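Chain by chain, the residues run as shown.
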Amino acid sequence: MTVSDISLTAGMRTNLLYLQNTSQLLNRTQQRVSSGKQVNSALDNPTNYFAAQNATQRASDLSDRKDGMSEAVQTVNATNAGLTAITGLINAAKGVAQSALSTSDTITRAKLASQYDTIRFQIDNISSDSGYRGLNLLSNINTLTVNFNEDATSKLNVIGFLGNSIGLSLTAASGTWQANSNITTDMALMDTAISTLRSNTQTLAANLNIITTRQSFTDQMINTLQTGADNLTLADMNEEGANMLMLQTRQSLGTTSLSLSSQAAQSILKLF
């Protein structure tokens, strides 16, 4: 049966059309209330929809970069922990050397030289154990690349250095420290090693400050992008609630009006 097979009065057709329009508006309002968005597809508002999509996608990309920055912070923290421990061991080694200078007993000096070599061995262990997730900035001259923006055009390279006894030029105890010159020579190497560690610690701290600053900036950018996308698409729930109440009332009135307009046709039945 086609539409043309049924004849409706002009009043019924008008009321039916209004009722259909009201139903469509009610469905749209219900969708907005359930999703919380005024723009749910490109059909609602192409300009706002695609602008919001671009902002949301960029926010998602930056969120992924933020995870990389967090991992970079942990890598730098692991390196810094290694530097702190190695510095402490070298200071302890200097104390051992000072003790060796204060005695002339050859056996005691030999024992202290052995203690120094043990500390030097532990420096090597700490250097090799200061990695995080497979990247160690103290055992090799590795580079940690931290990407800051979505297309990786903004980045920072954190370059490591060899933080073991070889990289710090800490050799075995010279002549088992039997001569004062042997001890002072090794102490000079320790002072140079501490100076090297301090310099690299300062560089590491500066890089860490850059990374944490970019983390905060990225958080603010993500929030700005998400807020901008929401401003383009979110619905005013107070307004949509009022619209739903009004449309439900209109739908009820439309149904009543359609029923009244059909009474003229129903009155014909009384003739039979």
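Nothing here was measured: the structure is a model prediction, and the numbers come from that model.

What follows concerns the packing of aromatic side chains. Per the counting criterion, the structure on display carries two aromatic pairs. Relative to Phe50, the ring of Tyr49 has its centre 5.3 Å away and its plane inclined at 80 degrees; by these criteria the two rings are edge-to-face. For Phe50, a relative accessible area of 47% puts it in the partly exposed group. Taking 5.2 Å as the distance between ring centres and 35 degrees as the angle between the ring planes, the aromatic pair formed by Tyr116 and Trp177 counts as tilted. Remark: Trp177 occurs in the loop between strand E2 (155–159) and helix H4 (180–233) and Tyr116 occurs in helix H3 (residues 106–128); sequence separation between them is 61 residues.

Another point: the environment of Asn223. Looking at the secondary structure, you find Asn223 in helix H4. Residue Asn223 is classed as partly exposed on the basis of its relative accessible area, which comes to 47%.

Core analysis: the largest hydrophobic core is formed by 36 residues, its most contacted members being Ile90, Leu168, Leu170, Trp177, Met190 and Ile211. At 11 residues, the largest contribution of residues to this core is made by helix H2 (residues 46–101). Residues within four places of Ile211 in sequence aside, it is in contact with Met69, Ala72, Val73, Val76, Val146, Phe148, Leu156 and Val158. Counting residues in each nonpolar core, the second largest holds eight residues, with Ala55, Ile222, Leu225 and Ala229 among its members.

Another point: the pattern of salt bridges. Taken as a whole and judged by the stated rule, the model has five salt bridges. The partner of Asp219 in a salt bridge is Lys66, with the nearest N and O atoms 2.9 Å apart. One end of the pair, Asp219, is in helix H4; the other, Lys66, is in helix H2, and 153 residues separate them in sequence. Its relative accessible area of 37% is what places Asp219 among the partly exposed residues.

Residues Leu156 and Val158 point to one face of E2 and are all buried, whereas Lys155, Asn157 and Ile159, pointing to the other face, are not buried. Across five bridges, the pairing between strand E1 (residues 143–147) and E2 is antiparallel. The partner of Thr145 across the bridge, within E2, is Asn157.

Turning our eyes to something else, we now look at H3. In this model H3 runs 33 Å from its N-terminal to its C-terminal C-alpha over 23 residues, within 8% of the 33 Å that 1.5 Å per residue would give. If you check which residues of H3 are buried, you get Arg109, Leu112, Ala113, Tyr116, Ile119, Arg120, Ile123 and Ser127. Packing partners of the buried residues in H3 comprise H2 and H4. Of the residues flanking the start of H3, the one acting as N-cap is Asp105, its side-chain oxygen 3.3 Å from the backbone nitrogen of Ile107.

Analysis parameters
Residues numbered from 1 in each chain as written. Predicted model: local features only at pLDDT ≥ 70, side-chain atom pairs only at ≥ 80, totals over all residues. Heavy atoms only, no water. Phe/Tyr/Trp six-rings, centres within 6.5 Å; stacked < 30°, edge-to-face > 60°. Buried < 20%, exposed > 50% of the residue type's maximum accessible area, 1.4 Å probe, protein only. Helix = DSSP H or I, 4+ residues; strand = E, 2+ residues; numbered from the N terminus. Core = buried A, V, L, I, M, F, W, Y, C linked by side-chain atoms within 4.5 Å. Contact = heavy atoms within 4.5 Å. Salt bridge = Lys/Arg side-chain N within 4 Å of Asp/Glu carboxyl O. Pairing = 2+ DSSP bridges. Expected span 1.5 Å × (residues − 1). Polar contact = N/O pair within 3.5 Å; in protein donor to acceptor, adjacent residues only side chain to side chain.

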